[in-house]
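Structural features, examined
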Amino acid sequence: MLLGVNIDHVATLRNARGGVEPDTIKAAEICELNGATSITTHLREDRRHIKDKDVRTLIHTLKTNLNLEMAVTDEMQQIALEIKPHSVCLVPEKRQEITTEGGLDVAGQLEKITNFVKPLVDAGILVSLFIDPDENQVRASAKTGAQFIEMHTGQYSEKFGTNEEETEFLKLKNSAALAQSLGLKVNAGHGLNYENVKRMHEIPGLYELNIGHSIISRAVFTGLAQAVKDMKELVK
Ligand code: PXP
C-alpha cells in the first residue's frame, strides 16, 4: 500500500501569519524523503490553505507525484489541464465546511461528472473520485471513465472503537471489492490516524492511502523537543 501525504495543514499554519513559514515545498520534500509516494494538496475555491503558487511550484519540485484534490468546477479543470498533475481527486466542496464532508455524489450527477472527467483523462491525468463507500456511488463511478475511486474513510474513523466500527469497516471492504471487480483502482483517506489505519491492511488490493491531519499533528510533538533545544541554544 502506498502513502500519499496531504500537506494542506502546513499551508494552514503558514497562512495564520501570512508569511512563508512553514514552507510547504520543504514540507513536501521531507515527506518524499521519508517514504511518501505522492503529495496531496487541495486547492480549494477559497484558497484557505494551499494557494496557486504552492501548486505551481510543487509541480516542478516534487520527485514523486502531485495528487491535486479539487472541486468539479471549470476553474479547477482549467488549472489541472494547464499544470497536468499526475492525478486529480474530485471532491465535493462547500465553502462553510471545515474539511471535506461526505463524498462526491457521482450517481446523482453522472453525466456532469463523466463530461468533466473526459478531458482530464484525455490529457493523461489519472482521475480519482472521492466517494462514500456506497454501492450506488461505486457503480456510478465505474461508468465515468475515471480510473480510481478514493473511499471516504471519515465515517469509519469516527466510529472506530465503537460498536459501529465493524459496520463502517465492512462498507469500505465491500466497496473496495466491488470497485476492483468493475476495473477501478481503490484509494482511501480522511480521518485516518496511527490507530485506525492498521485495519486498512484487511482490505485486499488497496492502492494508496491519503493522510494529512494525523501526520502533521504528530509532527508537532515529534519535532517540538528539537525545535525548543535549537532556540534555547541561540537564546542562552
Ligand atoms: N483525501 C481527501 C479526498 C481529503 O479531502 C482529505 C482531507 O483534505 C484527505 C484525504 C486527508 O484527510 P486527513 O487530513 O483527515 O488525513
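Preceding this paragraph is the structure being described.
Note that the structure is a prediction, hence the values are computed from the model and not measured.

Of the regular secondary structure elements, the chain holds nine helices and eight strands. Its C-alpha radius of gyration of 18 Å places the chain within 12% of the 18 Å reference for a compact globule of 236 residues. Once the C-alpha set of the chain is aligned to its principal axes, its extents read approximately 65 × 45 × 35 Å. Burial status across the chain gives 46% buried among its 236 residues. Excluding contacts between residues fewer than 6 apart, the proportion of contacts in the chain whose partners are at least 24 apart in sequence is 66%. Entry remark: accessible area of the chain is about 12,300 Å², with carbon and sulfur atoms responsible for 54%.

Our focus in this paragraph is the site of the ligand. Around the ligand lies a shell of 14 residues, among which E69, E150, G191, G212 and H213 are the nearest. Here G191 contributes a backbone N or O atom positioned 2.8 Å from an oxygen atom of the ligand. Between the ligand and H213 there is a distance of 2.9 Å, counted from an oxygen atom to a backbone nitrogen or oxygen.

The rules we used
Residues numbered from 1 in each chain as written. Predicted model: local features only at pLDDT ≥ 70, side-chain atom pairs only at ≥ 80, totals over all residues. Heavy atoms only, no water. Helix = DSSP H or I, 4+ residues; strand = E, 2+ residues; numbered from the N terminus. Rg over C-alpha atoms; globule rule 2.2 N^0.38 Å. Buried < 20%, exposed > 50% of the residue type's maximum accessible area, 1.4 Å probe, protein only. Contact = heavy atoms within 4.5 Å. Areas by Shrake-Rupley, 256 points an atom, 1.4 Å probe, with all protein chains shown as cover. Near = heavy atom within 4 Å. Polar contact = N/O pair within 3.5 Å; in protein donor to acceptor, adjacent residues only side chain to side chain.

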